[in-house]
Amino acid sequence: MKYDLIIIGGGPAGLTAAMYASRYKLKTLLITKIPGGIATTAHKICNFPTYEDISGFDLMKKMEEHVKKLNAEMIYDEVIKISNKFKVKTAKGKTFEAKKMILAAGTERKKLNIPREMELLGRGISYCGTCDGPLFRNKNVAVAGGGNGAVTTALLLADYADTVYLIYRGDKFRADPVWLSQLKGKKKIKQIFREDIAKLEGEKFLEAIELKSGKKLKVDGLFIEVGAIPDQRLISQLKIKTDSKGYIIADKQQRTNINGIYAAGDITNNSLKQIITACGEGATAANSAYQDLNK
Ligand SMILES: Cc1cc2nc3c(=O)[nH]c(=O)nc-3n(C[C@H](O)[C@H](O)[C@H](O)COP(=O)(O)OP(=O)(O)OC[C@H]3O[C@@H](n4cnc5c(N)ncnc54)[C@H](O)[C@@H]3O)c2cc1C
């Protein structure tokens, strides 16, 4: 059976696209690896209109419930193959075809790429403060990074851990002023600038980290928050134009260089990677697909 529209990704961009497409009565299928996307890992969302303060998990659950009420078809699976004109194959062995496609697959966390990072994942190393923070009650932990992700993770961890080392290779954190002001007076958070993490130590579990300067810090946990990039395994299967960092180039209607493929959210080269912009782009992408189907 051929769908009007397949949406890959069930974060804010994909869910909003599905919402609009359902209301346009397009025969739509949304395929997503993780329900709700990366925003589900956010401890607090305080900048999405209608909620002053809501957890990322709760916000995304509400968004998904809204889509389900509109009877959009949604499956939890991973797209592993895409071809032009527009067939997808999933990890569970299913194939689907559509007249149009929206890429809303977001980004993947960047790694530090230091020895033993993968070996100690889940044994002290984490990429999600909200998920794993409570495991480090009364322990010492470190956070690598200097943007919103790193600073908000450090603030969250200070609720549990005894000491939080916030380690950044730059001179000044890049996080929003509202988060930086919350760092002030947080005695548990020790800020370390112009440093990189060079080595991870510990037999079965992380026990210490060594910085490039040679300084050693005894920690039980290291939270890596050094940014994200789109998954090139999917994108590279299409002759789709990306910028030098690998983000898909989309116009103001979210059209890409491939006729019938649209992109929305963090996977694009937009300048503000947030929930509100992902939702807006998802809505625009669904509208463009609808307009193009009716030409
Ligand atoms: C810790 C943290 C805190 C944040 N805090 C805020 C905040 O306070 N306010 C704010 O506005 N934004 C915040 N953000 C940013 C916000 O979460 C993102 O901008 C937003 O989620 C982007 O939405 P998206 O739909 O483009 O991508 P994502 O949310 O990343 O969703 C992409 C989806 O695609 C799926 N997918 C990927 N590849 C495939 C595949 N091959 N097949 C099927 N599915 C696939 C993924 O599983 C995922 O569900 C935060 C992010 C993080 C990490």
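A brief report on the enclosed structure follows. (Residues numbered from 1 in each chain as written. Predicted model: local features only at pLDDT ≥ 70, side-chain atom pairs only at ≥ 80, totals over all residues. Heavy atoms only, no water.)

Between its terminal C-alpha atoms helix α7 (residues 275-293) stretches 27 Å, which fits the 27 Å expected from 19 residues at 1.5 Å a residue. Listed as buried for α7 are I275, A278, C279, E281, G282, A283, A285, A286, S288, A289 and D292. (Helix = DSSP H or I, 4+ residues; strand = E, 2+ residues; numbered from the N terminus. Expected span 1.5 Å × (residues − 1). Buried < 20%, exposed > 50% of the residue type's maximum accessible area, 1.4 Å probe, protein only.)

As summarised here, the arrangement of the 5 strands in space is β8-β15-β9-β10-β11, forming an open sheet in which the pairing is parallel. Since the sheet does not close on itself, it has two edges, and those belong to β8 (125-126) and β11 (189-192), each with one partner. Where helix α4 (residues 148-157) meets the sheet, its contacts fall on β9 (140-144), β10 (163-167), β11 and β15 (221-224), and the angle it forms with β9 comes to roughly 170°. (Pairing = 2+ DSSP bridges. Contact = heavy atoms within 4.5 Å. Axes fitted to C-alpha atoms, helices over the stretch in contact; angles between N-to-C directions.)

With that out of the way, let us pick up the site of the ligand. Taken together, the neighbourhood of the ligand is formed by 33 residues, with I34, N47, V79, D266 and I275 sitting nearest. Between the ligand and A13 there is a distance of 2.9 Å, counted from an oxygen atom to a backbone nitrogen or oxygen. Between I38 and the ligand, the recorded distance is 3.0 Å, taken from a backbone N or O atom to an oxygen atom. Alone, the ligand offers 1,000 Å² of accessible surface; in the complex the protein occludes 91% of this. Only α1 (12-23), β2 (28-32) and α7 provide two or more residues apiece to the shell around the ligand. Looking at the shell around the ligand residue by residue, the class counts come to 15 nonpolar, 11 polar and 7 charged. (Near = heavy atom within 4 Å. Polar contact = N/O pair within 3.5 Å; in protein donor to acceptor, adjacent residues only side chain to side chain. Areas by Shrake-Rupley, 256 points an atom, 1.4 Å probe, with all protein chains shown as cover. Nonpolar A, V, L, I, M, F, W, Y, C, P; charged D, E, K, R; others polar.)

Per the counting criterion, the structure on display carries 15 salt bridges. A salt bridge links K44 to D53; the shortest N-O distance between them is 3.0 Å. Relative accessible area serves as the criterion here: at 38%, K44 is assigned to the partly exposed category. Overall, the relative accessible area of 45% leaves D53 in the partly exposed class. A salt bridge links D292 to R255, with the nearest nitrogen and oxygen atoms 2.8 Å apart. (Salt bridge = Lys/Arg side-chain N within 4 Å of Asp/Glu carboxyl O.)

What follows covers the sheet that holds strand β12 (residues 197-201). Across the sheet, which stays open at both edges, the 3 strands sit in the order β12-β13-β14 with antiparallel pairing between neighbours. Edge strands, defined here as strands with exactly one partner in the open sheet, are β12 and β14 (216-218). Averaged over all neighbouring strand pairs, the angle between strand axes comes to 20°, with direction disregarded.

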